[in-house]
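Below are the chains, spelled out letter by letter.
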Amino acid sequence: VYTAMEIGLDSQDPVTVKNQAQKLIQDYPKSPYATFAALTLSSEAIKENDHEAAKAHLNWVIEHAKQADFRALATLRLMRLLISENKLEEALALYN
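Here the structure is a predicted model, which means the values were calculated and not measured. (Residues numbered from 1 in each chain as written. Predicted model: local features only at pLDDT ≥ 70, side-chain atom pairs only at ≥ 80, totals over all residues. Heavy atoms only, no water.)

**Comments concerning the pattern of salt bridges**
Scanning the entire structure with this criterion turns up six salt bridges. The partner of Lys18 in a salt bridge is Glu48, and the shortest N-O contact between them spans 2.9 Å. Of the two residues, Lys18 is situated in helix 2 (residues 14-27) and Glu48 in the loop between helix 3 (32-47) and helix 4 (51-64); the sequence distance between them amounts to 30 residues. Residue Lys47 is joined to Glu44 by a salt bridge in which the shortest nitrogen-to-oxygen separation is 3.1 Å. Residue Lys47 and its partner Glu44 are both found in helix 3; the two are separated by three residues, about one turn of the helix. Lys47 gets classed as exposed once you look at its relative accessible area, which sits at 65%. (Salt bridge = Lys/Arg side-chain N within 4 Å of Asp/Glu carboxyl O. Helix = DSSP H or I, 4+ residues; strand = E, 2+ residues; numbered from the N terminus. Buried < 20%, exposed > 50% of the residue type's maximum accessible area, 1.4 Å probe, protein only.)

**Regarding the environment of Val17**
Counting through the fold element by element, Val17 comes out in helix 2. Residues Val17 and Pro29, spaced twelve residues apart in sequence, show a C-alpha to C-alpha distance of 17 Å. If near-sequence neighbours (up to four positions away) are discounted, Val17 is found in contact with Met5, Gly8, Leu9, Thr40 and Glu44. (Contact = heavy atoms within 4.5 Å.)

**A few points about the nonpolar core**
Counting residues in each nonpolar core, the largest one holds 20 residues, and the members touching the most others are Met5, Ile25, Ala37, Leu39, Trp60 and Val61. When residues of this core are traced back to their parent elements, those giving at least two are helix 2, helix 3, helix 4 and helix 5 (68-84). (Core = buried A, V, L, I, M, F, W, Y, C linked by side-chain atoms within 4.5 Å.)

**Quick look at the confidence of the model for the chain**
Mean pLDDT for the chain: 95, with 100% of residues reaching 70 or above. Looking across the chain, the model is least confident in helix 1 (residues 2-10), with a mean pLDDT of 90, and most confident in helix 4, with 98. (pLDDT = per-residue confidence, 0-100.)

**Notes on the packing of aromatic side chains**
Inspection of the entire model under this criterion finds four aromatic pairs. Ring geometry for Tyr2 and Tyr33: centres 5.0 Å apart, planes at 55 degrees, overall tilted. With Tyr2 in helix 1 and Tyr33 in helix 3, the pair connects residues that are 31 residues apart, well separated along the chain. The partly exposed category is assigned to Tyr2, whose relative accessible area is 22%. A centroid spacing of 6.5 Å and a plane angle of 70 degrees characterise the contact between Tyr33 and Phe36, whose relative ring orientation is edge-to-face. Taken as a pair, Tyr33 and Phe36 lie in helix 3 at a separation of three residues, close to a single helical turn. On the accessibility criterion, Tyr33 (43% relative accessible area) is partly exposed. (Phe/Tyr/Trp six-rings, centres within 6.5 Å; stacked < 30°, edge-to-face > 60°.)

**Details of unusual backbone geometry**
A positive phi angle is found at Asn49, which is not glycine, with a value near 60 degrees. Assignment of secondary structure puts Asn49 in the loop between helix 3 and helix 4. Residue Asn49 is classed as exposed on the basis of its relative accessible area of 60%. With a phi close to 65 degrees, Asn86 is a non-glycine residue in the positive phi region.

Right, here's the structure in full:
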């Protein structure tokens, strides 16, 4: 499934990327691959200017990822997104 998602990324096929990423998150939520999938979905959502979806995927990583590095990465990306939306207080709250 992860390989299929990567192939979708390489061929710039957002439908395949979304479908395979969602399958990873649903079927293997405790795996690092689900974390990668959620981070990928957040990046794809940003490309589509869908900030709410991007935030949802980043929050999923923050809440579910077992690896502290991935939680920190998702937090930083979410803070950056909030700052771009001029939601400085929300971004600062994540910092603390």
